[in-house]
Amino acid sequence: MAWFSLDIVLRQLAWPGYFKYWKNIFNILDVCSVLPFYISMMDWGGTEDHDYVVLRVLRLSRVIRVFKYVKHSEDLRIMLKAISAAKKELAILFLVMMLFVVTFGSIMFYIENEDALYQGEMNTTVRQVGPSSEFSSIMQSCWWVIVTVSTVGFGDMYPVTLMGKLVGFFVICLGLVTLALPMTIIVTKFSLVYDREKT
């Protein structure tokens, strides 16, 4: 921490103009990343560590300092240009994936929790937990779809009914195709940008 503090002080002294130093966003992030260390060293009235939640969030600004090095790396700049050139394809991929996740998350929720008890006289529906209690909500089922499509497969949730397993197989196959098709377009854009920048 002493090294970072010394670096900040020396850069501020060597910077051409005091106010120009504070106009650079990366300098502000550097100060914000070091500041929590010194504030937490001062024990104001015996405060507990959980009182420094804001300071812990400020410590995350250290990670943002990595972006300063993008301007020094030609390969990272090429990668950012390729991502920028494929904005439309990435947006379409994101939209299709969101539709895919919500649709199949809802389907899996209703398939795995099919034991809804209908009481006719009261005109109410009481939901009992079906065979798979892991699919307890549509959002939980959407999480399963995201994990399955991205081929991570944590194993924390899995379908137990026969129909759920069939839909799960369909989700895996269709998810791979959905991810693979736009990737070829994105890789082609990357190749074009890479060739243009290297020549």
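Further up the page is the structure itself.
Analysis parameters
- Residues numbered from 1 in each chain as written.
- Predicted model: local features only at pLDDT ≥ 70, side-chain atom pairs only at ≥ 80, totals over all residues.
- Heavy atoms only, no water.
- Helix = DSSP H or I, 4+ residues; strand = E, 2+ residues; numbered from the N terminus.
- Buried < 20%, exposed > 50% of the residue type's maximum accessible area, 1.4 Å probe, protein only.
- Contact = heavy atoms within 4.5 Å.
- Salt bridge = Lys/Arg side-chain N within 4 Å of Asp/Glu carboxyl O.

Participant: So, the environment of Ala86: which residues are in play, and what are the values?
Facilitator: Its place among the elements puts Ala86 in the loop between helix H6 (74-85) and helix H7 (87-112). Of the residues examined, Ala86 reaches a relative accessible area of 0% and is grouped as buried. Residues Ala86 and Thr188, 102 residues apart in the sequence, show an inter-C-alpha distance of 9.4 Å. Contact partners of Ala86, with chain neighbours within four places excluded, come to Ile186 and Lys189.

Participant: Which residues make up unusual backbone geometry, and what values do they have?
Facilitator: Located in the positive-phi region is Thr151, a residue other than glycine, with phi close to 55°. Relative to the elements of secondary structure, Thr151 occurs in the loop between helix H8 (138-149) and helix H9 (162-198).

Participant: With reference to specific residues and values, describe the pattern of salt bridges.
Facilitator: Following the criterion strictly, the structure yields three salt bridges and no others. For Lys81, the salt bridge identified is with Glu197, shortest N-O distance 3.2 Å. With Lys81 in helix H6 and Glu197 in helix H9, this pair connects stretches of sequence that are 116 residues apart. Judged by relative accessible area, Lys81 falls into the partly exposed class, the value being 40%. We note a salt bridge from Glu89 to Lys189, for which the minimum N-O separation is 3.7 Å. One end of the pair, Glu89, is in helix H7; the other, Lys189, is in helix H9, and 100 residues separate them in sequence.

Read these as spatial facts, not as claims about activity.
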